[in-house]
Amino acid sequence: MTRVYVCNCFGVTEAQVKKHAEGGACSPRQIASACKAGTDCGSCVRRIQALLGRDACPRREPADRGQPALAELEGLEEAA
């Protein structure tokens, strides 16, 4: 198996980033919190964004449909 490194500074592989994404990390900042990738030189942040893709974060779904990203929260506030 070939290891493809995403972050050379901390030796983080593509497989590790995907594992953290499956565990719930949906932004480069959350990946950084999990494994430090992207916190040194920053050259890997765009690659991390590409690995996460557009479907990584469930909160993006309303925005992709042209609705405000926090629209579901506004409904919850009115119900409270």
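Please read these numbers as outputs of a predicted model, since none were measured by experiment.

S.K.: Please explain unusual backbone geometry as it appears in this structure.
M.R.: Where the residue is not glycine, phi is negative for most of them; where a peptide bond is considered, it is trans in most cases. A positive phi angle, near 75°, is found at Lys36, a position not held by glycine. Its place among the elements puts Lys36 in the loop between α2 (28–35) and α3 (45–52).

S.K.: How do you make sense of the environment of Phe10 when you look at a structure like this?
M.R.: Topologically, Phe10 is positioned in the loop between β1 (5–7) and β2 (12–13). By relative accessible area, Phe10 is classed as partly exposed at 37%. Discounting chain neighbours no more than four positions away, the residues touching Phe10 are Cys35, Lys36, Thr39 and Asp40.

S.K.: Can you walk me through the nonpolar core in this structure?
M.R.: In a soluble, globular protein the nonpolar side chains are often hidden away together inside. In terms of nonpolar packing, the biggest core is built from twelve residues, these being Val6, Cys7, Val12, Val17, Ala25, Ile31, Cys35, Ala37, Cys44, Ile48, Leu51 and Leu52. In this structure Ala37 touches Cys7, Val12, Ile31, Ala32, Cys44 and Ile48, once residues within four positions along its chain are discounted.

S.K.: It is not clear to me how the pattern of salt bridges should be interpreted in this structure. Could you clarify?
M.R.: Pairing is possible between side chains that carry opposite charge, provided their charged atoms lie close to one another. Considering all chains together, one arrives at two salt bridges under this definition. Between Lys18 and Glu14 there is a salt bridge whose closest N-O contact spans 3.4 Å. Residue Lys18 and its partner Glu14 are located together in helix α1 (residues 14–22), separated by four residues, close to a single helical turn. Assessed through its relative accessible area of 17%, Glu14 is described here as buried. A salt bridge links Glu14 to Arg47, with the shortest nitrogen-to-oxygen separation between them at 2.4 Å. Placement of the pair is Glu14 in helix α1 and Arg47 in helix α3, with a sequence separation of 33 residues. Among the residues examined, Arg47 registers a relative accessible area of 37% and is labelled partly exposed. Several salt bridges converge on common partners, so that one network encompasses Glu14, Lys18 and Arg47.

S.K.: How should the packing of α1 against α3 be read in this particular structure?
M.R.: To characterise two packed helices, one gives the angle between the axes of the helices and the distance between these axes. Contact geometry for α1 and α3: axes closest at 10 Å, N-to-C directions at 55°. Between α1 and α3, the angle is such that the two are oblique. You can see that α1 and α3 cross each other, and the crossing is right-handed. Contacts between α1 and α3 involve Glu14, Val17, Lys18 and Ala21 from the former and Arg47, Ile48, Leu51 and Leu52 from the latter. For the contact of α1 with α3, the residue count by class is five nonpolar, no polar and three charged.

Rules and cut-offs
Residues numbered from 1 in each chain as written. Predicted model: local features only at pLDDT ≥ 70, side-chain atom pairs only at ≥ 80, totals over all residues. Heavy atoms only, no water. Helix = DSSP H or I, 4+ residues; strand = E, 2+ residues; numbered from the N terminus. Buried < 20%, exposed > 50% of the residue type's maximum accessible area, 1.4 Å probe, protein only. Contact = heavy atoms within 4.5 Å. Core = buried A, V, L, I, M, F, W, Y, C linked by side-chain atoms within 4.5 Å. Salt bridge = Lys/Arg side-chain N within 4 Å of Asp/Glu carboxyl O. Axes fitted to C-alpha atoms, helices over the stretch in contact; angles between N-to-C directions. Parallel < 35°, antiparallel > 145°, perpendicular 65-115°, else oblique. Left-handed = near helix turned anticlockwise from the far one by under 90°. Nonpolar A, V, L, I, M, F, W, Y, C, P; charged D, E, K, R; others polar.

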